[in-house]
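# Fold and geometry: a report
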Amino acid sequence: MFTIDLMLKNSPLPLSVHRKTAEGAEALFSELTGAMRSGSSELLELTCEKMPEKKLAVFSDQLAAVQISQKTGASPSGKAPGFAAIAEALGQ
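Residues numbered from 1 in each chain as written. Predicted model: local features only at pLDDT ≥ 70, side-chain atom pairs only at ≥ 80, totals over all residues. Heavy atoms only, no water.

### Describing the overall build of the protein chain
- On a plain count of helices and strands, the protein chain comes out with two helices and five strands.
- Reading the protein chain from its N end, one meets helices and strands in the order β-β-α-β-β-β-α.
- Expressed as a percentage of its 92 residues, the buried residues of the protein chain come to 30%.
- Within the protein chain, counting contacts between residues at least 6 apart in sequence, those at least 24 apart form 50% of the total.
- Total accessible area computed for the protein chain in this model is approximately 5900 Å², and 55% of it derives from carbon and sulfur atoms. (Helix = DSSP H or I, 4+ residues; strand = E, 2+ residues; numbered from the N terminus. Buried < 20%, exposed > 50% of the residue type's maximum accessible area, 1.4 Å probe, protein only. Contact = heavy atoms within 4.5 Å. Areas by Shrake-Rupley, 256 points an atom, 1.4 Å probe, with all protein chains shown as cover.)

Structure, rendered in structure tokens:
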């Protein structure tokens, strides 16, 4: 399972959706980064493959960063991978 984390401008918490395959995660990553590069404000509607009832809609001009991570089991430190863990490690 692959997690795609989205960080929004002026928001401390990431949003995330999941993809079952690396190809699906890479395709979504490319779509999101392409929308970020375009400079326009388009509405992006995302669904989660892990929880199909989960839906997100964000404006592309509000995206600050996108990250892909693969779930490989429990983290030895008990912390989830991603932006939140990095911010916590930096003391922010």
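### Brief notes about the side chain of His18
- Residue position: His18 is located in strand E2 (residues 15-19).
- With residues near it in sequence (within four places) discarded, His18 still touches Met1, Phe2, Thr3, Cys48, Glu49 and Lys50.

### A short note on the pairing of strand E4 (residues 55-59)
- The side-chain alternation of E4 yields one buried face, formed by Leu56 and Val58, and one unburied face, formed by Lys55, Ala57 and Phe59.
- As paired strands, strand E3 (residues 43-47) and E4 are joined by five bridges and run antiparallel to one another. Paired with Leu43 across the two strands is Phe59, which belongs to E4. (Pairing = 2+ DSSP bridges.)

### As for the sheet that holds strand E1 (residues 2-8)
- Pairing in this open sheet of three strands is antiparallel, and the strands run E2-E1-E5 from one edge to the other. The outermost strands of the open sheet, each flanked by one partner alone, are E2 and strand E5 (63-70). Each adjacent strand pair in this sheet contributes to an overall mean axis angle of 20°, direction not counted.
- Most of the contacts of helix H1 (residues 22-38) go to E5, to which it runs at about 170°, and overall it touches E1, E2 and E5. (Axes fitted to C-alpha atoms, helices over the stretch in contact; angles between N-to-C directions.)

### Considerations on the nonpolar core
- Counting 16 residues, the largest nonpolar core has Ile4, Leu6, Val17, Leu32, Leu46 and Leu63 as the members making the most contacts within it.
- Counting residues per element, the ones that place at least two in this core are E1, H1, E3, E4 and E5. (Core = buried A, V, L, I, M, F, W, Y, C linked by side-chain atoms within 4.5 Å.)

### Looking at the environment of Lys55
- Along the chain, Lys55 falls in strand E4.
- Residue Lys55 is classed as exposed on the basis of its relative accessible area of 62%.
- For the pair Lys55 and Val17, spaced 38 residues apart in the sequence, the C-alpha separation amounts to 8.4 Å.
- If we skip the residues at most four places from it in the chain, Lys55 touches Leu46 and Thr47.

### Some remarks on unusual backbone geometry
- Residue Asn10 is not a glycine yet carries a positive backbone phi of 60°.
- Classification of Asn10 as exposed rests on a relative accessible area of 83%.

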